[in-house]
Amino acid sequence: MPRKPIELPMQVEYMSILDDTGEVDKELEPKVEAAQLKDMFRWMLYARRVDERLLKLQRQGRIGTFPQATGHEAISLGSAINLKPDDWHVPAYRELAGFLYRGWTLEGILIYWMGFEEGARPPEGVNDTPIAVPIASQLLHAAGMGMAANIVGDKKVVMTYFGDGATSEGDCHEALNFASVFQAPVIFVCLNNQYAISVPLSKQMHCETIVQRAVAYGMPGIKVDGNDILAVYVATKEAVERARSGGGPTLVECLTYRYTPHTTADDPSRYRSDEETQRWVAKEPLIRFEKYLKNKNVLNDADIKKMDEEIEVRINEAIIAAEEATKKPPLSDPLAMFDYLYADLPQNLQEQREELAKALGLNTSETEPRNAATSARRGA
Ligand SMILES: Cc1ncc(C[n+]2csc(CCOP(=O)(O)OP(=O)(O)O)c2C)c(N)n1
C-alpha cells in the first residue's frame with residue numbers, strides 16, 4: 001500500500017517562437033509562404049486600425065460602449081486562419097481580427113456597436129456564432145457543436161474563445177468536461193489578458209496557469225505567448241489537426257495583456273498602474289511581427305503605407321454605409337425593439353408599444369407587431 005505521486009498521462013507545455021524583439025527561434029519557426037505571412041500582417045493591421053477608429057467614433061458619440069481588441073490580434077487571427085471556412089468560429093467579443101477574417105462585414109460590426117442587434121447576425125455562409133457577451137456561455141455552445149459534429153461525422157472543428165475571467169465561471173468547466181468526455185473536436189482558446197474588468201488573474205485563481213486545468217479534464221493543453229502570432233498559429237494548427245482526426249479537444253492558453261480599458265466605459269487607472277501597461281506595450285504583437293517580417297524581407301515600409309491607405313478607404317466607406325443604414329427602415333424603426341422576442345407580445349409590452357407609437361405620431365395600422373409567429377397567424 002504505497003503512498004506515492006500519481007503519474008498523470010498528460011503534461012502541459014509552454015511555447016514562444018518570436019521573442020519580444022521579433023527574433024525568431026529557427027527550430028520552431030513554422031514554414032509559411034511569404035504571401036501568407038504578409039496577408040496575416042494585413043489582417044492584423046486592419047483589425048488594429050478598425051479598433052482605433054471605433055474608439056474615435058465612440059468618443060464622438062457615433063457608436064455605443066464597446067470592448068477594444070488592441071493587442072489581441074495575434075491570438076484571434078493566428079488561430080482563426082487554421083479553420084476551414086465551414087468549421088465553426090465561436091467567439092466572445094474581443095475577436096475583431098477573426099470576425100473580419102472570417103467574412104463579417106465591417107458595416108455589420110459597426111451597426112452592432114451602434115446598438116442594433118441586426119449587426120450581430122453572421123453574414124450568409126459564415127459559420128460563426130454571434131458575439132457572446134454573457135461570459136463563458138459560448139463555451140457550452142461550442143462543446144455542443146463539437147458533439148454534434150461527431151454525431152453527424154462531418155469532420156468540422158469548433159474554435160471557441162474566452163477570457164481569463166471566464167475560466168472562473170461554472171459554464172467553462174462544464175464545457176471543458178463535456179468536450180473531453182465526448183472527445184468533441186473543440187479548440188478552447190483562452191485570451192488570457194490578465195484582467196477580468198478590474199480583477200487581476202491572481203485574485204481569481206490560486207493556480208500557476210490556466211492551462212494546467214487541461215490535465216484535470218484529460219485533454220492536451222499548451223500555453224503560448226499570445227503576442228507571438230507564430231506560436232499561436234503553430235499551437236492551434238496542431239490542435240485543429242488533432243481535433244479533425246478524432247483526437248478530441250485541446251485547451252490553448254494565450255498570454256497577452258489588456259492594453260486598453262475593459263470597455264470604453266472603464267477607467268483602468270483606478271486599479272492598475274501606467275508603468276505596468278507601458279511594460280507590456282514593448283511586447284505588443286503587431287510591432288513584433290512587423291520586425292520579423294522586415295528581417296525576412298517579406299515586408300517594407302512602402303507595403304505598410306499602401307495597406308494603411310487601403311484600410312482607411314475601406315473603413316471610411318463602411319462608416320458611411322453603416323450610418324446610412326441606421327437612418328432607414330428597418331433599423332430606423334424604434335418599435336422594432338418590441339418585435340421578434342415573443343411569439344405573443346405580453347399585454348404590458350403591447351401597451352408600451354402602443355404608447356410609443358402614439359408618442360411618435362404613428363397610426364395603428366403601422367404599429368402591428370411584426371414577429372414571425374404573429375405574422376404567420378395573420379397569414380402574412
Ligand atoms: C455571466 C456574466 N457575468 C458577468 C458579466 C459582466 N462582465 C462583462 S465582461 C466581464 C469580465 C470578463 O473578463 P474576461 O473573461 O477575462 O474577458 P476580458 O473582458 O478580459 O476579455 C464581466 C464580469 C457578464 N457579461 N456575463
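Residues numbered from 1 in each chain as written. Predicted model: local features only at pLDDT ≥ 70, side-chain atom pairs only at ≥ 80, totals over all residues. Heavy atoms only, no water.

Student: It is not clear to me how the sheet that holds strand E2 (residues 88–90) should be interpreted in this structure. Could you clarify?
Tutor: Across a sheet, strands are paired by hydrogen bonds formed along the backbone, either parallel or antiparallel in direction. Ordered by their spatial adjacency, 6 strands build an open sheet running E1-E7-E8-E4-E3-E2, and the pairing between neighbours is parallel. The sheet is open, and its two edges are formed by strand E1 (13–15) and E2, each paired on a single side. Averaged over neighbouring strand pairs, the angle between their axes works out to 20° when direction is ignored. With 6 bridges joining them, strand E3 (residues 158–163) and strand E4 (residues 186–192) adopt parallel strand pairing. Note that in E4 the partner of Tyr 161 across the bridge is Val 189. Relative to strand E7 (residues 221–225), helix H8 (residues 229–244) is tilted by about 160°, and along the sheet it contacts E1, E3, E4, E7 and strand E8 (250–255). (Pairing = 2+ DSSP bridges. Helix = DSSP H or I, 4+ residues; strand = E, 2+ residues; numbered from the N terminus. Axes fitted to C-alpha atoms, helices over the stretch in contact; angles between N-to-C directions. Contact = heavy atoms within 4.5 Å.)

Student: Could you clarify how one ought to interpret the environment of Gly 221 in this entry?
Tutor: Along the polypeptide, Gly 221 turns up in strand E7. A relative accessible area of 9% places Gly 221 in the buried class. Taking the C-alpha atoms as reference points, Gly 221 and Tyr 14, separated by 207 residues in sequence, lie 9.2 Å from one another. Excluding its chain neighbours within four sequence positions, the residues that come into contact with Gly 221 are Gln 11, Val 12, Glu 13, Val 211, Ala 214 and Leu 251. (Buried < 20%, exposed > 50% of the residue type's maximum accessible area, 1.4 Å probe, protein only.)

Student: Can you walk me through the site of the ligand in this structure?
Tutor: Around the ligand, a shell composed of 15 residues is seen, among which Tyr 93, Arg 94, Gly 165, Ala 166 and Tyr 195 lie nearest. Within the side chain of Asn 193, one N or O atom sits 3.1 Å away from an oxygen atom of the ligand. Within the backbone of Tyr 195, an N or O atom sits 2.8 Å from an oxygen atom of the ligand. Given that more than half its atoms are within 2 Å of the pocket grid, the ligand belongs to the second largest pocket. Looking at side-chain class alone, the shell around the ligand contains 8 nonpolar, 4 polar and 3 charged residues. (Near = heavy atom within 4 Å. Polar contact = N/O pair within 3.5 Å; in protein donor to acceptor, adjacent residues only side chain to side chain. 1 Å grid on protein atoms, 1.4 Å probe; cavity = no way out; pocket = protein on both sides within 12 Å on 5 of 7 lines; lining within 4 Å. Sits in = over half its atoms within 2 Å of the grid points. Nonpolar A, V, L, I, M, F, W, Y, C, P; charged D, E, K, R; others polar.)

Student: Would you mind going over the domain arrangement of the protein chain with me for this structure?
Tutor: Note: interface size is frequently given as the accessible area lost on complex formation between the parts. Under the domain assignment, the protein chain is made up of domain 1 (13–325) and domain 2 (333–377). One C-alpha centre belongs to domain 1, the other to domain 2, and the line joining them spans 38 Å. (Domains from an automatic or database assignment.)

Student: When you look at the side chain of Asp 339 in this model, what are you seeing that I'm missing?
Tutor: Mapped onto the elements, Asp 339 comes out in the loop between helix H11 (301–327) and helix H12 (347–359). Classification of Asp 339 as buried rests on a relative accessible area of 5%. Within the structure, the side chain of Asp 339 is placed 3.3 Å from the side chain of Arg 353, a separation counted as a polar contact.

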